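Understanding the architecture of this molecule
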Amino acid sequence: MTTAAEIAAERVAVVYRQIPLAAGVAVLNAAVMTAILLGTEGDRRALGWFAAMVLVAGLRLLATRAWRRDPAARANARRWGRIGTAGAFAAGLVLGGGAAWLWPQSETYQLFWVFLVGGMCAGAAGLHHAHLPTLLAFILPAALPLVARYALEGTERSFGAVAMILVFLAAVSISAWRSSCDFAANLRLRLDLARQARELDAINGRLREEMGRRRATEASLRQAQKMEAVGQLTGGIAHDFNNLLTAVLGSLAMLRKRLPEGDARAARLLENALQGAQRGAALTQRLLAFGRRQSLNPAAVDLPALVRGMAELLRGALGGAVHLRSDFPPGLPPVFADANQLELAVLNLAANARDAMPGGGEIVISAAGREVLAGEVSGLPAGAYVVLSVTDAGEGMDEATLAQAMEPFFTTKGVGKGTGLGLPMVHGLAAQSGGRFLLRSTLGVGTVAELWLPQAAAPAAQRARVAAAPAPARRGTLLLVDDDPLVLASTAAMLEDLGHSVVEAASAAEALDRLRGGLAADLVITDYAMPGMTGLELAEALRRLRPGLPVLLATGYAELQGEVPHGLPRLDKPFEQAALARATDACLSGVGAS
């Protein structure tokens, strides 16, 4: 709502905006009246009166100039109102006092004074009706001296003139009062409409901002849903592919042991097949990483130590044309992440940066601690993070390329030079680790890849670079359970080659029947995803049926990490014979699988 102070400030502002016109008209009328008095009666006192009129007009103009230059004029409306009223009073007093002082003997020229004063009062009513005190301050001292002059004559004619002047003053005052009230009402309406328009503009602005945020949120949600759907699809494909690779790798390993010596061509072909299968296994790991279904072993990791430890590997991968520089602040807190996967992520980011600089250049690996407040960074809960950055000055990406950069199988590299899974793998690792992955790129300037990872609560432990010595091998009777005949046959062949006695079962129900039938098994190796009863359900049933019988869970479902009961070892598919041997030896020795 419009306040009284706002209306008062606008009334005063109207007065000061009209003062130049009022002062000009007053000086012009005074000049005309002075010329008449000098020409008809030769009264030189008129020059003094004219000088007084000019002086008052000049002072009012100076006050108007000062008002315009005052930045707080509206805040000081009361003070400026008093000054404006005083100026109007002075102008009215000089006008009315001059009429009484220079009152001519001729009735004709007396009427000139009456018309001059009356006209000035009527004009003042039109100019100053917005501020009633200013109007009254002018018309009363301008007209009352004429009333007094007529009253002193004591004639009927003079008393009639007095009555007419007083009626005129009353009419002008009442009209001005009504105009002042109308002005206040119109001004209040205008100011309220202006305020409502500003409020509406502000609301519209907030609405546009909210709509923009909503569109951005919806776009992020659609992207997240798309990535989640693709992640589930790729995770499922990777799981099935892992089963196939387990059979392939196992069969090739067994075939290599049975290959006749001296057949170089066959050995070369077999080695090519093994390398292809191993590359397929690496590909499935990237698919699982993108789908956030890889098996992670998070721990406190010292980033500077990790990068220093892989410096030779990075230099070898980047080549001589690319200079690698690291920039880590002292006292950088450790991050909570899987060290092996983090190394792979850094290697992928560095390789992408190298490919973006075909003519060579510098890659900077840096990190900094960040405190994130709730809602400050989209997709991140509040907490302490470390931002690992890989920066290059390469070709950069345009907006369209940047928008697709983290989609699986998207690559700008030539055929056979990239899988399109490097950045999706880093994105999946960051999400699965409780952080996020950000890309900023400008075409022709370069790219900054930021991996946000949560800070670790515990100090970073030194990574063991030397593998532990394998436990002494034990031979035993193993019950192997898998619904995939290819995996079942391949795994059984690898176990038999290790010297174990293997009993096969194509389902959990068949495995339980064999144990109830008296099978003396030393270890049960079971797949997880089986129809009817899963590997976890089989393990629970075995705890009741044969307490103490070790169970090894072999699966391609890395997302089961949080579902596997404590103490139940697992073996991730695809696995080679060496990994299978370590896992079975650990279970038979009672120390668990690694």
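Computed from a predicted structure; not experimentally measured. (Residues numbered from 1 in each chain as written. Predicted model: local features only at pLDDT ≥ 70, side-chain atom pairs only at ≥ 80, totals over all residues. Heavy atoms only, no water.)

This brings us to the overall build of the protein. Looking only at helices and strands, the protein features 16 helices and 12 strands. For the protein, the proportion of its 594 residues judged to be buried stands at 44%. Considering only contacts within the protein whose residues lie at least 6 apart along the sequence, 73% involve residues at least 24 apart. Put simply, the protein shows about 30,200 Å² of open surface, and 60% of that area lies on carbon and sulfur atoms. (Helix = DSSP H or I, 4+ residues; strand = E, 2+ residues; numbered from the N terminus. Buried < 20%, exposed > 50% of the residue type's maximum accessible area, 1.4 Å probe, protein only. Contact = heavy atoms within 4.5 Å. Areas by Shrake-Rupley, 256 points an atom, 1.4 Å probe, with all protein chains shown as cover.)

Another aspect to go through is the sheet that holds strand 5 (residues 383-392). Across the sheet, five strands lie side by side as 2-4-5-7-6; this open sheet has mixed pairing. Two strands close off the open sheet at either side, each with one partner strand: strand 2 (322-327) and strand 6 (436-442). Going from strand to strand, the sheet's axes swing by 20° on average, the running direction of each strand aside. By the bridge criterion, six bridges tie strand 2 to strand 4 (residues 361-372) in an arrangement that is parallel. In the strand pairing of strand 4, V322 is matched with G361. Strands strand 2, strand 4, strand 5, strand 6 and strand 7 (446-454) of the sheet are contacted by helix 10 (residues 339-355), whose axis makes an angle of about 35° with strand 5. (Pairing = 2+ DSSP bridges. Axes fitted to C-alpha atoms, helices over the stretch in contact; angles between N-to-C directions.)

Bringing helix 13 (residues 485-497) into the picture now. Across its 13 residues, helix 13 extends 18 Å between first and last C-alpha, which sits within 8% of the 18 Å expected from 1.5 Å per residue. By the burial criterion, the buried members of helix 13 are V487, L488, S490, T491, A492, M494 and L495. Sitting at the amino-terminal end of helix 13 is D484, which places a side-chain oxygen 3.0 Å from the backbone nitrogen of L486. Taken from the residues just after helix 13, G499 is the one with a positive phi, measuring 100°. (Expected span 1.5 Å × (residues − 1). Polar contact = N/O pair within 3.5 Å; in protein donor to acceptor, adjacent residues only side chain to side chain.)

Across all of its chains, the model carries 18 salt bridges by this definition. With a shortest N-O distance of 3.0 Å, R354 and D355 are connected by a salt bridge. Of the charged contacts, one joins E540 and R543 as a salt bridge, the two residues approaching to 3.8 Å between their closest N and O atoms. Taken together, the positions of E540 and R543, both in helix 15 (residues 535-545) and three residues apart, correspond to about one turn of that helix. You can call E540 partly exposed: its relative accessible area is 34%. In the salt-bridge network here, residues are joined through shared partners; they are E6, D192 and R195. (Salt bridge = Lys/Arg side-chain N within 4 Å of Asp/Glu carboxyl O.)

Okay, the packing of aromatic side chains next. A complete count under the given rule lists four aromatic pairs for this structure. Aromatic side chains Y16 and W67 sit 5.3 Å apart centroid to centroid with 10° between the ring planes, which places their arrangement in the stacked category. Of this pair, Y16 sits in helix 1 (residues 4-40) while W67 sits in helix 2 (residues 45-69), placing them 51 residues apart in sequence. An identical accessibility class is assigned to Y16 and W67; each is buried. Geometrically, the ring pair formed by W49 and W113 is edge-to-face, given 5.2 Å between the ring centres and 75° between the ring planes. Highlighted residues: W49 in helix 2 and W113 in helix 4 (residues 107-128), separated in sequence by 64 residues. The class for W113 is buried, based on a relative accessible area of 0%. (Phe/Tyr/Trp six-rings, centres within 6.5 Å; stacked < 30°, edge-to-face > 60°.)

Okay, the sheet that holds strand 12 (residues 570-572) next. Read across the open sheet, the five strands follow the order 9-8-10-11-12; overall the sheet is parallel. Strands with a single pairing partner mark the edges of an open sheet, and in this sheet they are strand 9 (501-505) and strand 12. The average undirected angle you get between the axes of adjacent strands in this sheet is 20°. As judged from the three bridges shared by strand 11 (residues 551-555) and strand 12, these two strands associate in the parallel manner. For L553, the partnering residue across the bridge sits in strand 12 and is R570.

The next point concerns the packing of helix 3 (residues 77-101) against helix 4. Contact pair helix 3 / helix 4: the axes reach a minimum separation of 11 Å and the direction vectors enclose 170°. On the basis of the axis angle, helix 3 is roughly antiparallel to helix 4. Mapping the contact onto sequence places L95, G98 and A99 in helix 3 and W113, L116, V117 and M120 in helix 4. Its residues assigned to classes, the contact of helix 3 with helix 4 comprises six nonpolar, one polar and no charged. (Parallel < 35°, antiparallel > 145°, perpendicular 65-115°, else oblique. Nonpolar A, V, L, I, M, F, W, Y, C, P; charged D, E, K, R; others polar.)

Burial analysis of strand 11 places five of its five residues in the buried class, which makes it a mostly covered element. Side chains of strand 11 alternate between two faces, with V551, L553 and T555 and L552 and A554 buried alike. Handedness of the strand 10 (residues 523-527)-helix 15-strand 11 crossover: right-handed. (Right-handed = clockwise from strand over helix to strand, strands pointing away.)

Our next topic: the confidence of the model for the protein. Caution applies to low-pLDDT regions: their predicted coordinates should not be interpreted in detail. On average, residues of the protein score 82 in pLDDT, and 85% of them are at 70 or above. Per-residue pLDDT, averaged within each element of the protein, yields its smallest value for helix 7 (residues 264-290) (71) and its largest for strand 8 (residues 477-481) (94). (pLDDT = per-residue confidence, 0-100.)

Moving on, we come to a nonpolar patch on the surface. A cluster of nonpolar residues, L55, L59 and L62, forms a patch on the protein surface that exposes about 320 Å² of accessible area. In this structure, L55 sits in helix 2. (Patch = residues over 30% accessible without salt bridge, like charges linked within 9 Å, V, L, I, M, F, W, Y side chains within 5 Å.)

The next thing to look at is the packing of helix 13 against helix 16 (residues 577-589). Contact geometry for helix 13 and helix 16: axes closest at 10 Å, N-to-C directions at 65°. Looking at the two axes, helix 13 sits roughly perpendicular to helix 16. For the pair helix 13 and helix 16, the sense of crossing is right-handed. In this structure, helix 13 uses T491, M494, L495 and D497 to contact helix 16, whose residues at the interface are Q577, L580 and T584. The class makeup of the residues in the contact of helix 13 with helix 16 is three nonpolar, three polar and one charged. (Left-handed = near helix turned anticlockwise from the far one by under 90°.)

Our next topic: the environment of R45. By the secondary structure assignment, R45 is in helix 2. R45 sits 57 residues away from L102 along the chain, and the two C-alpha atoms are 7.5 Å apart. With residues near it in sequence (within four places) discarded, R45 still touches W101 and L102. There is a polar contact of 2.8 Å between the side chain of R45 and the side chain of D43.

So, on to the pairing of strand 10. Most of strand 10 is tucked away, with five of its five residues classed as buried. By the bridge criterion, four bridges tie strand 8 to strand 10 in an arrangement that is parallel. What sits directly across from L480, in strand 10, is I525. For strand 10 and strand 11, the ladder comprises four bridges, and the chain directions are parallel. Residue pairing across strands places T526 opposite L553, the latter belonging to strand 11.

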